[in-house]
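# Reading the structure
In case you want the letters, here they are:
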Amino acid sequence: MAEAHSRREEVYWSAMEASVILPILKKKLAFLSGGKDRRSGLILTIPLCLEQTNMDELSVTLDYLLSIPSEKCKARGFTVIVDGRKSQWNVVKTVVLMLQNVVPAEVSLVCVVKPDEFWDKKVTHFCFWKEKDRLGFEVILVSANKLTRYIEPCQLTEDFGGSLSYDHMDWLNKRLVFEKFTKESTSLLDELALINNGSDKGNQEKERSVDLNFLPSVDPETVLQTGHELLSELQQRRFNGSDGGVSWSPMDDELLAQPQVMKLLDSLREQYTRYQEVCRQRSKRTQLEEIQQKVMQVVNWLEGPGSEQLRAQWGIGDSIRASQALQQKHEEIESQHSEWFAVYVELNQQIAALLNAGDEEDLVELKSLQQQLSDVCYRQASQLEFRQNLLQAALEFHGVAQDLSQQLDGLLGMLCVDVAPADGASIQQTLKLLEEKLKSVDVGLQGLREKGQGLLDQISNQASWAYGKDVTIENKENVDHIQGVMEDMQLRKQRCEDMVDVRRLKMLQMVQLFKCEEDAAQAVEWLSELLDALLKTHIRLGDDAQETKVLLEKHRKFVDVAQSTYDYGRQLLQATVVLCQSLRCTSRSSGDTLPRLNRVWKQFTIASEERVHRLEMAIAFHSNAEKILQDCPEEPEAINDEEQFDEIEAVGKSLLDRLTVPVVYPDGTEQYFGSPSDMASTAEHIRDRMKLVSLKRQQLRHPEMMTTES
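For the structure given in this document, a descriptive report is provided here. In this text the structure is predicted, and so the values were computed from the model without any measurement. (Residues numbered from 1 in each chain as written. Predicted model: local features only at pLDDT ≥ 70, side-chain atom pairs only at ≥ 80, totals over all residues. Heavy atoms only, no water.)

Once that is clear, we can look at the sheet that holds strand 3 (residues 78-83). Spatial strand order, 1-2-3-4-5: five strands in an open sheet with mixed pairing. Where the open sheet ends on each side, the last strands, each with one partner, are strand 1 (31-36) and strand 5 (138-142). When the angles between neighbouring strand axes are averaged without regard to direction, this sheet yields 25°. Pairing analysis gives six bridges linking strand 2 (residues 42-47) to strand 3, with the strands arranged parallel. Each residue of the ladder has a partner; that of threonine 45, found in strand 3, is isoleucine 81. Packing against the sheet, helix 3 (residues 55-66) makes contact with strand 1, strand 2 and strand 3, and its axis sits at approximately 165° to strand 2. (Pairing = 2+ DSSP bridges. Helix = DSSP H or I, 4+ residues; strand = E, 2+ residues; numbered from the N terminus. Axes fitted to C-alpha atoms, helices over the stretch in contact; angles between N-to-C directions. Contact = heavy atoms within 4.5 Å.)

Below is the structure:
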């Protein structure tokens, strides 16, 4: 497919133009698909249709198509495929006979593709093979599926079962582009040659009367671009390589579109380059006189009125407003200079362009003008830049001084307001803000010193631009003003630092006060949590004396933790009293946290004592019960003591009664240890132990019971 496209595009311009017969070509009465027969001859296809074919239009189409290939290609002969599958026999016969008149020498073979239902009777009246000598070419009748006997499938279009792709409208559009480019480029070459030859004659005669308005009728750049795009398309189609695995080699100059385009492009580039050079020479000659006149205008103004304006401006102002007014005045002066500097830039570019052209007769004069113009402009621009930098430095100095003054006013106002924060976090934030403001003041003062010193250095160099004018008095006033501003800011900053030190100490004490109050409140919370844990989780009395003693020891350690928490809270509250006295303020903890701490501690003490009493009773109960329950025959007198049984029973009952009694606080509130189910479980264990003691007692009273059991 790629080779077919490339062959279709490599065409040679003919006298007949496609645009003239475009409606006829669009009908696709005949076409060159790009395929070749086995003798390397081109294949010409004539697709007949059901409608009557206009023979005049077909003749015109064939004339146009046969004018495209080169003579070398024509010499190989054509294979014509007449597709008669959709046409009548008489039309096919007419077309074949017409080929004798249109292209008799070029046709080598005519393949008439017959329909499936052939014209059997009619063909007997006209046998082409008998007319071979008269026609000048061989005619064969063949069905579409037998066409591959004479032509390779890769050289046949899809209509005949081949693999060659052909787009008629695409070919026609590319053909129109080629012919348009050929026509425009040929006309443009004539015009450019006329312009260039006229310019050469003008140069030889030293005349400057060449018509500068004589321009080409079409844009050369557009024509060149069109040609390059066309050439790129042709080269891409020609050298696309194989497609679909079919090997293909480019034709040997069979279609000359690409060489023709390349030749036209080369000629266009040559003439267009000469044309551009002619235009440059004309422009350079016109510019030279204008440049000489404009250079003197710029030099005269800069050395006259421009310099006088700068001599009259030397102050820097004593405030932002004054500096801005001077800066605005300077901008007006710069604006006037900018107009002349713009002329200078334009002139310098024009001179540089002419110098690059390399005409020796104008080089000396151009360089002299360029040097004179550059010296004056650079000197004046340097003076303007120095003045602008001086005013900008003064404006920045006054701006920094004003900002620093506002920062000092803000810091002083903050220090004059009494501190009444709600908590320690707000104090920390206020203290941080105070430190940031002081740091910002330090940075601002340092910046003011740097700006001031830089401005003083610039003022010291001002005398070199004074054109002989004495500016010592003006400079002294400016220097005194700058130094006075810096000294005043230094004193104000020192006063604020002293006040910040006092405020910082007070705020740190307040932070410590709030911290003590918060920690004291936390101690109350911890003590409340310990009390809650004592009442809800410290409920077991142990299963025996040893376990109960362990629980009692753990309880005492638990009480030690609570005691430490209480002491810690008391110490914190005492510290708040001291800090409040130092700060001369009232502590909130004296009327709130301290009573809460004492109340919780009192409740904890009562509950703890009750817990101790219960554990001690449980120890006594378990110890006595274990002594009796142990089988000790060597001490029968101890076991037989009725008083011990009575004491154990009394302690057990007392302990059971105590489990049902709540803890009563001083304010009258009551609180039980654990839940009712927890207490019931503990009481049940005590009752079980009492039952065992009672059973032991009965056994001792009636020994026969022990013998019976044993």
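That covers the picture; the talk isn't over yet.
Another aspect to go through is the nonpolar core. Leu527, Leu541, Phe604, Ala607, Leu659, Phe673 and Ile686 are the most contacted members of the largest nonpolar core, which has 47 residues in total. Contributing elements (two or more residues each) for this core: helix 14 (472-537), helix 15 (545-583), helix 16 (593-629), helix 18 (642-659) and helix 19 (676-701). Per element, the largest residue contribution to this core is 13 residues, and it comes from helix 16. The contacts of alanine 607, once residues within four sequence positions are left out, are Leu531, Leu534, Leu535, Val663 and Phe673. With 41 residues, the next largest nonpolar core counts Leu66, Val102, Val139 and Trp171 among its residues. (Core = buried A, V, L, I, M, F, W, Y, C linked by side-chain atoms within 4.5 Å. Buried < 20%, exposed > 50% of the residue type's maximum accessible area, 1.4 Å probe, protein only.)

This part is about the packing of aromatic side chains. Following the criterion strictly, the structure yields seven aromatic pairs and no others. Each ring, one from phenylalanine 558 and one from phenylalanine 604, has its centre 5.9 Å from the other, and the planes form 40°; the classification is tilted. Here the residue phenylalanine 558 occupies a position in helix 15, and phenylalanine 604 occupies one in helix 16, the gap between them amounting to 46 residues. Comparing phenylalanine 558 with phenylalanine 604, the two get one shared label, buried. (Phe/Tyr/Trp six-rings, centres within 6.5 Å; stacked < 30°, edge-to-face > 60°.)

Right, let's talk about the pairing of strand 4 (residues 107-113) for a bit. Across the seven residues of strand 4, six count as buried, placing the element largely inside the fold. Relative to strand 4, strand 3 runs parallel, the two sharing six bridges. Along strand 4, the bridge assignment pairs isoleucine 81 with cysteine 111. Relative to strand 5, strand 4 is paired through five bridges, and the arrangement is parallel. Note that in strand 5 the partner of valine 113 across the bridge is valine 142.

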